[in-house]
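Below, each chain spelled out in residue letters.
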Amino acid sequence: MVRVGIIGGTGYTGSELLRILAKHPEAEVAAVSSRKEKGKKLWEVHPHLKGFYDLVFVEPDFAVFSECDVVFTAVPHGEAMRYVPELYEAGVRVVDLSADYRLSKEKYEEVYGKEHEAYIDAVYGLTELHKHEIRGAKLVANPGCYPTGAILAVAPLADLELVERVVFDSKSGITGAGASPTEFTHYPNLHEAIVPYKITEHRHYHEMEQELRRFQEDIRVSFTPQVFPGSRGILTNAHVFLRGELEQDELEEIYRKFYDGCYFVRMQRSVRLSYVRGSNFVDISVHKGRDRVVIVSAIDNLVKGASGQAVQNMNVMLGLDERLGLDYPPLFP
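Residues numbered from 1 in each chain as written. Predicted model: local features only at pLDDT ≥ 70, side-chain atom pairs only at ≥ 80, totals over all residues. Heavy atoms only, no water.

Novice: Could you give an account of the packing of aromatic side chains, with specific residues and numbers?
Specialist: Between two aromatic rings, the relevant description is the distance of the centres plus the angle of the planes. Throughout the structure, instances matching the rule amount to ten aromatic pairs. Taking 4.9 Å as the distance between ring centres and 85° as the angle between the ring planes, the aromatic pair formed by Phe258 and Tyr259 counts as edge-to-face. Where Tyr275 meets Phe332, the ring centres are 6.1 Å apart and the plane angle is 45°; that geometry is what we call tilted. A residue pair is termed long-range when its members are at least 10 positions apart, and Tyr275 in the loop between strand 11 (265-267) and strand 12 (282-288) and Phe332 in the segment after helix 11 (303-317) qualify at 57 residues. Among the aromatic residues, ring-to-ring pairing joins Phe215, Phe258 and Tyr259 into one connected group. (Phe/Tyr/Trp six-rings, centres within 6.5 Å; stacked < 30°, edge-to-face > 60°. Helix = DSSP H or I, 4+ residues; strand = E, 2+ residues; numbered from the N terminus.)

Structure follows, in structure tokens:
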């Protein structure tokens, strides 16, 4: 069994890691940290997990987590760099769910406004695009939730350098804002509302640009996020302005070929968040219009957009079947 540690086990991503790993056939959670909840049993903080774990929360001590085979760092941005280098040097494989290793050192410092004193080159963990590099990697930077759905929606067209410009319009459930309540997430402020925020300057834009430019250097990317009053999911409408004309059947064939063998990518005639809720799938539909092509993608932001993809990356890192612990149908309705 693979011994797994989770640094930061009380937030939504930590909770979701615990839920997924509870039934993973090849992994055993050995340690979960929380300074605030130290000494409490996991189920006292996560009642939905009662009966699945006998562990208690511990301090994020190196001596404890260095005994693990894989450690997930599910901590806020700027915190992972406190733990990752020491674990990395000790030979522990790490999947970081923060933003600390997704971008280059220079771009990270520009975007997040803080010096990165513990930078390590990591593999960007969008599994379908970087599976070869992830296999055997020591450090994987799990992508942001918005970039996961957005990049996968457009990568097949960018791979053929067919995109003049793409405009991503994405709507997320409120869990994307984290477990700590704020004025922004206060129920009366979101109920019966769809709220755009960081309209032209969301930090996830830089991941989209970085990854799509690996395929097509001159691609132009725009992105606006919004929050809707639901708990889970990200629905992305990618408005793609192409170089030249493609018919509907040609577009569909491009996507089928590109994602051939990618178990967690499903091509659909239409896409809804309810079709992927609770699962690690990304559903994609392709729609040819008069002036543009619209690619719609849907993910569960806590699973494929965070913890599920992190487990998928762990599986690939260790040479396991990427579906282990994740091969179950979505919740519907």
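Novice: So what's going on with the packing of helix 6 (residues 127-134) against helix 11? Which residues, and what values?
Specialist: Where helix 6 meets helix 11, the closest approach of the two axes is 10 Å, and the angle between their N-to-C directions is 30°. One finds that helix 6 runs roughly parallel with respect to helix 11. As for the relative orientation of helix 6 and helix 11, their crossing is right-handed in sense. Within the contact between the two elements, helix 6 uses Thr127, Glu128, Lys131 and Ile134 and helix 11 uses Lys304, Gln309, Gln312, Asn313, Val316 and Met317. Across the contact of helix 6 with helix 11, the residue classes tally to three nonpolar, four polar and three charged. (Axes fitted to C-alpha atoms, helices over the stretch in contact; angles between N-to-C directions. Parallel < 35°, antiparallel > 145°, perpendicular 65-115°, else oblique. Left-handed = near helix turned anticlockwise from the far one by under 90°. Contact = heavy atoms within 4.5 Å. Nonpolar A, V, L, I, M, F, W, Y, C, P; charged D, E, K, R; others polar.)

Novice: Got a sec to walk through the sheet that holds strand 7 (residues 163-172)? Specific residues and values, please.
Specialist: Hydrogen bonds between backbone atoms are what pair the strands of a sheet, whose relative direction is either parallel or antiparallel. Pairing in this open sheet of seven strands is mixed, and the strands run 8-9-7-10-13-12-11 from one edge to the other. In this open sheet, the two edge strands, each paired with only one partner strand, are strand 8 (195-196) and strand 11. As defined by bridge partners, strand 8 adjoins strand 9 (residues 220-227) across two bridges and the pair is classed as antiparallel. Following the sheet pairing, Pro196 is matched in strand 9 by Gln226. (Pairing = 2+ DSSP bridges.)

Novice: Would you mind going over the packing of helix 7 (residues 145-159) against helix 10 (residues 248-258) in detail, with residue names and values included?
Specialist: Helix 10 packs onto helix 7 with a crossing angle of 100° between their chain directions and a minimal axis gap of 10 Å. Overall, the two elements helix 7 and helix 10 adopt an arrangement that is roughly perpendicular. Only Leu251, Ile254, Tyr255 and Phe258 of helix 10 make contact with helix 7, whose side of the interface consists of Leu152, Ala153, Val154, Ala155, Pro156, Leu157 and Asp159. Considering only residue class, the contact of helix 7 with helix 10 consists of ten nonpolar, no polar and one charged.

Novice: Provide a residue-level description of the pairing of strand 13 (residues 293-299), including the pertinent values.
Specialist: Within a regular strand, side chains alternate between the sheet's two faces. Most of strand 13 is tucked away, with seven of its seven residues classed as buried. The alternating pattern of strand 13 places Val293, Ile295, Ser297 and Ile299 on one face and Val294, Val296 and Ala298 on the opposite face, and all of these are buried. Sheet topology note: the strand 10 (residues 234-242)/strand 13 ladder contains seven bridges and is antiparallel. In the sheet register, Asn237 faces strand 13, and the bridge partner there is Val296. Sheet analysis places strand 12 next to strand 13, joined by six bridges and oriented antiparallel. The residue bridging Val286 from the neighbouring strand is Ile295, located in strand 13. The hairpin formed by strand 12 and strand 13 contains four residues between the paired strands. (Buried < 20%, exposed > 50% of the residue type's maximum accessible area, 1.4 Å probe, protein only.)

Novice: Lay out the sheet that holds strand 3 (residues 70-73) in plain terms, naming residues and giving numbers.
Specialist: On the basis of which strands lie adjacent, the open sheet formed by six strands has the order 2-1-3-4-6-5 and parallel pairing. At either end of the open sheet lies a strand with only one pairing partner, and these are strand 2 (27-33) and strand 5 (123-124). Of the strand pairs in this sheet, strand 4 (residues 93-96) and strand 6 (residues 139-141) are connected by three bridges, and their pairing is parallel. Pairing of Val95 across the sheet is with Val140, part of strand 6. With respect to the sheet, helix 1 (residues 12-21) is in contact with strand 1 (2-7), strand 2 and strand 3, its orientation differing from that of strand 1 by roughly 160°.

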